[in-house]
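Structural overview
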Amino acid sequence: MNIEEYKNKNRFTVPQGYFDNLHERIMTTIPRDKKQPSKRKKSVMLGRISGWSYAAAITLIFFIGGAIFQANNNTQQATANNEYDNELIEEVLTNYPIDDYTFYCYLTNNDTEY
Amino acid sequence: MTKSSDTYDEKQLIAELRDTQSREAAFSIIVRKYSEQLYWHIRRMVLTHDDTDDLLQNTFIKAWSNIDSFRGDSQLSTWLYRIAINETLTFINHKQQNTISLNTPEGCIAEQLESDAYFNGEHADALFHEAVNRLPDKQRLVFCMKYFDDMSYEEISNIVGTSIGALKASYHIAVKKIENFLNDKN
């Protein structure tokens, strides 16, 4: 058995055009802020929440908490405020880049009558 | 491995890497120059294109993040290879901790290869790569650098830090293991 026959036969292939734009793709992933190198991850791991998600979560909590506080202090406007709260929550969820897991944590940690 | 003109270019590249004004442009040249070479080195270790793509990008991200620690006492290619090897071995070790690879039946890896869209070899080629893949990680590394990349033992020694004698022995044993594996399959 002589394994030399496999030496010059490269049986691995790449997607079409892979090497043509490889350089550009690599250069777009390198962190310009060298203090915070970003490593590509193949999948999002639950429980590892970035700083931006925490900021978004805190902002969301303030908005919703404020809306709930306002609703609880004014019983005559409870119905109107519920509709307002739903609209507010919908707006915040749409416009803030918060992942579902973070929001779930907030909801489960604030399990109130509301 | 390098010629005098490449040495001059490399010295200039290293100088430009150290200058923050020209660093990105110099790094771009390095990416163009070494990305494909490093891709194939990683690919022969991990076999799949997607894993290779991730590891290659991580290699350059790590190289960029550690430019300031590159002292220039080794060649750029040696430095990049070391980073790629570390990333690859870390990935392989992590993968082995999460799979039952030690009990993988013989022929299974070859089957996976043959079903891979980015492998166009025959069954014998797949078996050969399975035989290589079954080598211990560092022995596989030495074998790949010698057999596929055609590196000299001195170059390999500079990268992995192992003596040339030990590398020769490791490579010789790796060849025997592969031959025995293929003979058994035949």
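Residues numbered from 1 in each chain as written. Chains lettered and ligands numbered in written order. Predicted model: local features only at pLDDT ≥ 70, side-chain atom pairs only at ≥ 80, totals over all residues. Heavy atoms only, no water.

On to the pattern of salt bridges, then. Side-chain pairs of opposite charge can arise whenever the charged atoms involved come near each other. Taken as a whole and assessed by the stated rule, the structure comprises 12 salt bridges over all chains. Residue Asp125 of chain B is joined to Lys9 of chain A by a salt bridge in which the shortest nitrogen-to-oxygen separation is 3.5 Å. You can see Asp125 of chain B sitting in helix α6 (residues 123–133) and its partner Lys9 of chain A sitting in the segment before α1 (22–29), one on each of two chains. With a relative accessible area of 3%, Asp125 of chain B lands in the buried category. Of the charged contacts in the structure, one is a salt bridge between Arg134 of chain B and Glu130 of chain B, with a shortest N-O distance of 2.9 Å. Judged by relative accessible area, which is 0%, Glu130 of chain B ranks as buried. (Salt bridge = Lys/Arg side-chain N within 4 Å of Asp/Glu carboxyl O. Helix = DSSP H or I, 4+ residues; strand = E, 2+ residues; numbered from the N terminus. Buried < 20%, exposed > 50% of the residue type's maximum accessible area, 1.4 Å probe, protein only.)

Here the focus is the side chain of Thr59 of chain B. Residues and elements named next belong to chain B. Mapped onto the fold, Thr59 is located in helix α3 (residues 49–65). Note on Thr59: relative accessible area 0%, which makes it buried. Once residues lying within four places of it in the same chain are set aside, the contact partners of Thr59 are Leu38, Ile42, Leu80, Ile83, Ala84 and Glu87. (Contact = heavy atoms within 4.5 Å.)

It is common to give the size of an interface as the accessible area that goes away when the parts come together. The interface is formed by 30 residues belonging to chain A together with 45 residues belonging to chain B. Our enumeration of links across chain A and chain B arrives at four salt bridges. Taking the shortest distance from any N to any O, the salt bridge between Asp125 of chain B and Arg11 of chain A comes out at 3.2 Å. Linking chain A with chain B are 13 residue pairs in polar contact (both at pLDDT 80 or more). Looking at the side of chain A that touches chain B, its residues break down into 14 nonpolar, five polar and 11 charged. (Polar contact = N/O pair within 3.5 Å; in protein donor to acceptor, adjacent residues only side chain to side chain. Nonpolar A, V, L, I, M, F, W, Y, C, P; charged D, E, K, R; others polar.)

Geometry of a packed helix pair, given as the angle between the helix axes and the separation of the axes. Residues and elements named next belong to chain B. The geometry of helix α7 (residues 137–147) relative to helix α9 (residues 164–185) is characterised by a closest axis approach of 9 Å and an angle of 90 degrees between their N-to-C directions. By the angle class used here, α7 and α9 are roughly perpendicular. Seen from α7, the contacting residues are Gln139, Val142, Phe143, Lys146 and Tyr147; seen from α9, they are Leu167, Ser170, Tyr171, Ile173, Ala174, Val175, Lys177 and Ile178. Split by residue class, the contact of α7 with α9 holds nine nonpolar, two polar and two charged. (Axes fitted to C-alpha atoms, helices over the stretch in contact; angles between N-to-C directions. Parallel < 35°, antiparallel > 145°, perpendicular 65-115°, else oblique.)

Another point: the confidence of the model for chain A. For residues with low pLDDT, the predicted coordinates do not support detailed interpretation. All names here are of chain A. Of all residues in chain A, 32% attain a pLDDT of 70 or more, and the chain-wide mean is 65. Confidence, expressed as mean pLDDT per element, reaches its minimum in chain A at helix α3 (residues 78–95) with 50 and its maximum at α1 with 94. The low-confidence segment residues 43–47 (pLDDT under 50) makes two contacts with residues lying over four places distant or belonging to another chain. Segment residues 78–84: pLDDT under 50, and three contacts once partners within four positions in sequence are set aside and those in other chains are kept. (pLDDT = per-residue confidence, 0-100.)

Let's shift gears to the environment of Glu87 of chain B. One can find Glu87 of chain B in helix α4 (residues 76–97). Between the C-alpha atom of Glu87 of chain B and that of Leu55 of chain B, which follows or precedes it by 32 residues, the distance is 6.4 Å.

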